[in-house]
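# Fold and geometry: a report
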Amino acid sequence: MNAIETQDLTRYYDTLCAVDHLTLSVNNEIFALLGPNGSGKTTTVLMLTTLLRPTKGSASICGHDVVREGEAVRKRLSYVPQDMAVDIKLTGRENVLLFARLYGIKNPQDKTDEVLAIMDLSDRADDLIRTYSGGMRRRLELAQALVHEPEVLFLDEPTIGLDVAARKKIWEHIRQLRKNGMTIFVTTHYMDEADRFCDRVGIISHGKIAALGTPTALKADLEKDVITAQVSGTLTGPVAIDGVRCVGRQDGEITFTAENGREAMPLITRALESQGVTVTSLSMREPTLDDVFLHAVGTADEPGHFDFQQFRTMLRRRK
Amino acid sequence: MNGIKEYISRDMIKWLRSPVSVVSMLAMPAAWLVFVGLALPVTFTGNYLDFIVPGILVMTMLSSSLNGGTLLMFDKILGFLNKFLALPTPRESILLGKILFITIRGAIQATIILVIAVLIGATILPPAQYGMIYLILFLFGFLMSACATTIALYLGDHDSYAAFNTMISMPLFFTSSALMPYDVMPTWLSTIAHANPLSYAIDAVRAAETGAVPVLQIGLLAVLAGIVIAICMQMFRRVTV
């Protein structure tokens, strides 16, 4: 039995399909759901944590259905949303103690001391949250989530808005939890973090899984070299070369993937110059998770259909 | 139910740690008590202070309830509600804890107003009558805080709710029997006042002060509170799943 299991999980906001027939299994690992804004990451987490009802399909946590056995599911999971909701007029200890008591655990005081120590917050435990830094607030939320020893931990953008040192610290804590046997489901924008710290990643685009696997396997699957061209002048038309795909355009920089980079480089130069764009430099490198992401999700060349009215309806619903 | 006590103590600590809000919410009813209760020259009663105290007590409960409407809405906007909803604690405890907290807070403020009233010359009553008065205030508090919470959840944003709050609080007070008895009101006002739930509570407190047991008003308030809490539960379930 897997910790998280979904089967054709689907959610519509009116006519907008936020999550589209998602089928996933996650067990005793750090799993990262990656995707652009509005791709359905948070909607997926809300359904798995019983905060939102699926339109179609099913999902279970430790074998318990998220719709029919809500309470059993909630007993097994902890959820840290991205909002950083901690009471600033309460002390760190009071914030954690509140959750310990709400979970109804036996020795709330002792357990609170224990999780505060794990999160390195013992010496600041009796200060008001008002005086805490962003990183400390995030660690305090982790402490709140750990107080009832969940089997599955959901973290929505756990490192958003934190500095490099604070992010590293959060990930070290997450790795330690995973070593102790917890299943951790993370959503993030940060590719480098997913690459370094997660066991498996799923790239989600328009509510569908576009790529799934370990970061290493995904990069290897790409079997491609990444070529970046520094150019002057603007490219107007598409670049059509066999075996070469344009995956990104920014001012003065165009990125391609090609199966054989060495052979593709002169072809790219010629194709660009024939369109009146001057190539100032070309470089080739191994693919990163960023490239896997761009390859799976598509590029600025192929903008997704964006309905502003639908987007607003969705945001309003999610509040 | 599990969790209610914890949710109440969370709100209570937060409230007591902001002295400004504790004092400012008392300023308005205290001002009415002193400046109107002691100063207004009226002919229909010898002790206007004693007449107006029930109205001021109910007004204190009303303003505490209307202010309290924002509490659950802010928990929702700031992301606390989602964290609480993901707990195995029964979800209704969140709502019931909120309604109880708002009512208890109102009762604490009403107690302070009552002490001030006695200090400036209101008649002291036997303990049983105070007990009856608190029962009425609690029922009224449940009714109004459930109302305010429902409307705040329905409106969903703070600006709309603040506008609603401003619009409703004064008219509700002036069209009740708080300031004058029905027989000195113009007929149209008396008609409105008889339908105003504030009047039920005020009349009930006045009856309790004479030593009577206002069964009808208490029954009405209890039934109304029951209905509104049921509607509020429905609204809460609708916005949370």
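Residues numbered from 1 in each chain as written. Chains lettered and ligands numbered in written order. Predicted model: local features only at pLDDT ≥ 70, side-chain atom pairs only at ≥ 80, totals over all residues.

### Quick word on the overall build of chain A
Helix and strand counts for chain A come out as eleven helices and 14 strands. Oriented by its inertia axes, the alpha-carbon framework of chain A measures out at about 75 × 45 × 35 Å. The buried share of chain A, reckoned over its 319 residues, is 44%. The long-range share in chain A, meaning contacts at least 24 apart out of those at least 6 apart in sequence, stands at 70%. (Helix = DSSP H or I, 4+ residues; strand = E, 2+ residues; numbered from the N terminus. Buried ≥ 20, exposed ≤ 12 C-beta atoms within 10 Å, placed from the backbone. Contact = placed C-beta atoms within 7 Å.)

### A closer look at the domain arrangement of chain A
By the assigned domains, chain A splits into domain 1 (4-218) and domain 2 (225-286). Put simply, the middle of domain 1 of chain A and the middle of domain 2 of chain A, counted by C-alpha atoms, are 40 Å apart. (Domains from an automatic or database assignment.)

### Side note on the sheet that holds strand 4 (residues 56-61) of chain A
All names here are of chain A. Taking strand neighbours across the sheet as the criterion, the four strands line up as 2-1-4-5 in an open arrangement whose pairing is antiparallel. For this open sheet the edge positions go to strand 2 (16-26) and strand 5 (64-65), each flanked by a neighbour on one side alone. Where strand 1 (residues 4-13) and strand 2 come together, seven bridges link them in antiparallel fashion. In the sheet register, Glu-5 faces strand 2, and the bridge partner there is Ser-25. (Pairing = 2+ DSSP bridges.)

### Observations regarding the pairing of strand 12 (residues 244-250) of chain A
All names here are of chain A. In this structure, strand 12 lies alongside strand 13 (residues 253-258), joined through six bridges in antiparallel fashion. Counterpart to Arg-245 in the pairing with strand 13 is Thr-257. Counting the residues in the hairpin turn of strand 12 and strand 13 gives two residues, including Gly-252, whose phi is positive at 75°.

### Section: the sheet that holds strand 6 (residues 77-80) of chain A
Residue and element names in this part refer to chain A. As summarised here, the arrangement of the six strands in space is 6-7-8-3-9-10, forming an open sheet in which the pairing is mixed. Among the strands making up the open sheet, the edge pair consists of strand 6 and strand 10 (208-213). In this sheet, neighbouring strand axes are inclined to one another by 15° on average, regardless of whether the strands run parallel or antiparallel. Sitting on the sheet, helix 10 (residues 289-297) touches strand 3 (30-34), strand 9 (200-205) and strand 10, and the angle it makes with strand 9 is about 35°. (Axes fitted to C-alpha atoms, helices over the stretch in contact; angles between N-to-C directions.)

### Here we look at helix 1 (residues 41-48) of chain A
Residue and element names in this part refer to chain A. With eight of eight residues buried, helix 1 lies mostly within the body of the structure. Among the residues making up helix 1, those that are buried are Lys-41, Thr-42, Thr-43, Thr-44, Val-45, Leu-46, Met-47 and Leu-48. One or two positions beyond helix 1, positive phi appears at Thr-50, with a value near 65°.

### Digging into the environment of Arg-206 of chain B
Within the secondary structure layout, Arg-206 of chain B lies in helix 9 (residues 197-209). Since 20 C-beta atoms lie within 10 Å of it, Arg-206 of chain B is described here as buried.

### A short note on the environment of Val-201 of chain A
All names here are of chain A. Turning to its location among the elements, Val-201 is positioned in strand 9. For Val-201, a count of 26 C-beta atoms within 10 Å puts it in the buried group. For the pair Val-201 and Val-186, spaced 15 residues apart in the sequence, the C-alpha separation amounts to 9.3 Å. Among all residues touching Val-201, those that are not within four sequence positions of it are Ala-32, Leu-34, Ala-194, Pro-215 and Leu-218.

### Observations concerning the nonpolar core
Soluble globular proteins: nonpolar side chains tend toward being buried together. Among the nonpolar cores identified, the biggest contains 160 residues, and Val-58 and Ile-136 of chain B are the most heavily contacted of them. A domain split of this core shows at least three residues from each of domain 1 (4-218) and domain 2 (225-286) of chain A. (Core = buried A, V, L, I, M, F, W, Y, C linked by C-beta atoms within 7 Å.)

### Remarks on the confidence of the model for chain B
With 99% of its residues at a pLDDT of 70 or more, chain B shows a mean pLDDT of 91. Both confidence scores are given for the complex: pTM 0.84, ipTM 0.88. (pLDDT = per-residue confidence, 0-100.)

### Notes on the pairing of strand 9 of chain A
Residues and elements named next belong to chain A. Strand direction decides the pairing type here: strand 3 and strand 9, joined by four bridges, are parallel. Paired with Leu-34 across the two strands is Ile-203, which belongs to strand 9. Of the pairings in the sheet, the one linking strand 9 to strand 10 comprises five bridges and is antiparallel in character. In the strand pairing of strand 10, Ile-204 is matched with Ile-209.

### Considering the environment of Gly-298 of chain A
All names here are of chain A. One can find Gly-298 in the loop between helix 10 and helix 11 (308-318). Of the residues examined, Gly-298 has 15 C-beta atoms within 10 Å and is grouped as partly exposed. In this structure the C-alpha to C-alpha distance between Gly-298 and Ala-210, which are 88 residues apart in sequence, comes to 9.9 Å.

### Considerations on the packing of helix 5 (residues 92-119) of chain B against helix 10 (residues 215-240) of chain B
All names here are of chain B. Viewed as axis vectors pointing N to C, helix 5 and helix 10 meet at an angle of 135°, and their least axial separation amounts to 10 Å. Taken together, the axes of helix 5 and helix 10 lie oblique to each other. Both helix 5 and helix 10 take part in a crossing whose hand is right-handed. Touching Glu-92, Leu-95 and Ile-99 of helix 5 are Ile-229, Cys-232, Met-233 and Phe-236, all from helix 10. Along the lines of polarity and charge, the residues of the contact of helix 5 with helix 10 split into six nonpolar, no polar and one charged. (Parallel < 35°, antiparallel > 145°, perpendicular 65-115°, else oblique. Left-handed = near helix turned anticlockwise from the far one by under 90°. Nonpolar A, V, L, I, M, F, W, Y, C, P; charged D, E, K, R; others polar.)

### Let's talk about unusual backbone geometry
Residues and elements named next belong to chain A. Its identity as a non-glycine residue notwithstanding, Cys-62 has a phi of 50°, on the positive side. Position of Cys-62 relative to the elements: it lies in the loop between strand 4 and strand 5. A tally of 20 C-beta atoms within 10 Å means that Cys-62 is categorised as buried. You will see that His-206, though not glycine, has its phi angle at about 50°, which is positive. Checked against the element boundaries, His-206 lands in the loop between strand 9 and strand 10.

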